[in-house]
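Below, each chain spelled out in residue letters.
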Amino acid sequence: MGGARKWADLRSAASLPEIAALADGADHVDVKTVQSGKELGRFAADLLSYRPGWVRVLYRLRGLLAGLLGLRQESGVRGERLSEVSFLPGAKASFFTVTAAEKGRYWIAAASDRHLTAHLAIFAGTGEAGESLRHVATIVRYRHWIGPVYFKIILPFHHLIVAAMARHAAKG
């Protein structure tokens, strides 16, 4: 039940080999899609800046879990508001590092720890009725036995948070 099967269902990825290559053989892939014509960089900045109280509480709980599992804590999750994201590989955006990007098409960033590597891929698409879509993909590869344990525990919250982040970013 690898990520490739889930990824195959996403028709918009066919023209984005950079994202498809990341998803191929991944341990987990999920995609949230929202209707939005917002410029991709602004969408990514708004997505990463979304930190209402309930999300901050879940991040604190995640921090406790990470501590119990002996994982280090990422910085940059405290709620800084991003005015923009860079499209240059190596640039930081929250606790992610940009790995590849093309304005108007896609933006990919990664965060890595000893237990897993997670890629966040945001890309533009068009719906069946011609509407502008923004897709937010999470692509995870486990690096240590703690990775699947940790990720299975946080997965339900991950789905809630990323869906809310995408809806927030789609506004305006």
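In this report, the structure presented in the accompanying data block is examined.

Cut-offs applied
Residues numbered from 1 in each chain as written. Predicted model: local features only at pLDDT ≥ 70, side-chain atom pairs only at ≥ 80, totals over all residues. Heavy atoms only, no water. Helix = DSSP H or I, 4+ residues; strand = E, 2+ residues; numbered from the N terminus. Contact = heavy atoms within 4.5 Å. Areas by Shrake-Rupley, 256 points an atom, 1.4 Å probe, with all protein chains shown as cover. Pairing = 2+ DSSP bridges. Axes fitted to C-alpha atoms, helices over the stretch in contact; angles between N-to-C directions. Core = buried A, V, L, I, M, F, W, Y, C linked by side-chain atoms within 4.5 Å. Buried < 20%, exposed > 50% of the residue type's maximum accessible area, 1.4 Å probe, protein only. Polar contact = N/O pair within 3.5 Å; in protein donor to acceptor, adjacent residues only side chain to side chain.

**Section: the overall build of the chain**
A tally of helices and strands in the chain yields five helices and six strands. For the chain, the α and β elements follow one another from N to C terminus as α-α-β-α-α-β-β-β-β-β-α. The long-range fraction of contacts in the chain, counting pairs at least 24 apart against all pairs at least 6 apart in sequence, stands at 60%. Carbon and sulfur atoms make up 58% of the accessible area of the chain, which amounts to about 8700 Å² in all.

**Some words on the sheet that holds strand β3 (residues 96-102)**
The six strands lie next to each other as β1-β6-β5-β4-β3-β2, forming an open sheet whose pairing is antiparallel. In this open sheet, the two strands that pair with only one neighbour each are β1 (28-35) and β2 (92-93). Helix α3 (residues 40-49) rests against β1, β2, β3, β4 (106-112), β5 (116-126) and β6 (132-142) of the sheet, and its axis sits at about 135 degrees to β5. Its contacts with the sheet place helix α5 (residues 146-170) against β1, β5 and β6, and it is angled at close to 15 degrees to β1.

**Looking at the nonpolar core**
Soluble globular proteins tend to bury their nonpolar side chains together. Within the largest apolar cluster, 31 residues are counted, with the highest numbers of intra-cluster contacts made by Leu47, Leu48, Val85, Trp107, Leu120, Ile122 and Val136. Elements with a contribution of two residues or more to this core: α3, α4 (53-68), β3, β4, β5 and α5. Those residues in contact with leucine 47 that sit more than four places away from it in its chain are Leu120, Ile122, Val136, Met165, Ala166 and Ala169. Counting 12 residues, the second largest nonpolar core, distinct from the first, contains Leu16, Leu22, Ala23 and Val29.

**Quick notes on α3**
For α3, the buried fraction is high: nine of the 10 residues fall into the buried class. Turning to α3, its buried residues are Leu40, Gly41, Phe43, Ala44, Ala45, Asp46, Leu47, Leu48 and Ser49.

**Describing the side chain of serine 49**
With respect to the secondary-structure elements, serine 49 resides in helix α3. Taking relative accessible area as the criterion, serine 49 reaches 8% and is therefore assigned buried. One polar contact links the side chain of serine 49 to the main-chain amide nitrogen of leucine 82, over a distance of 2.7 Å.

Bear in mind that shape data such as this cannot, by itself, settle questions of function.
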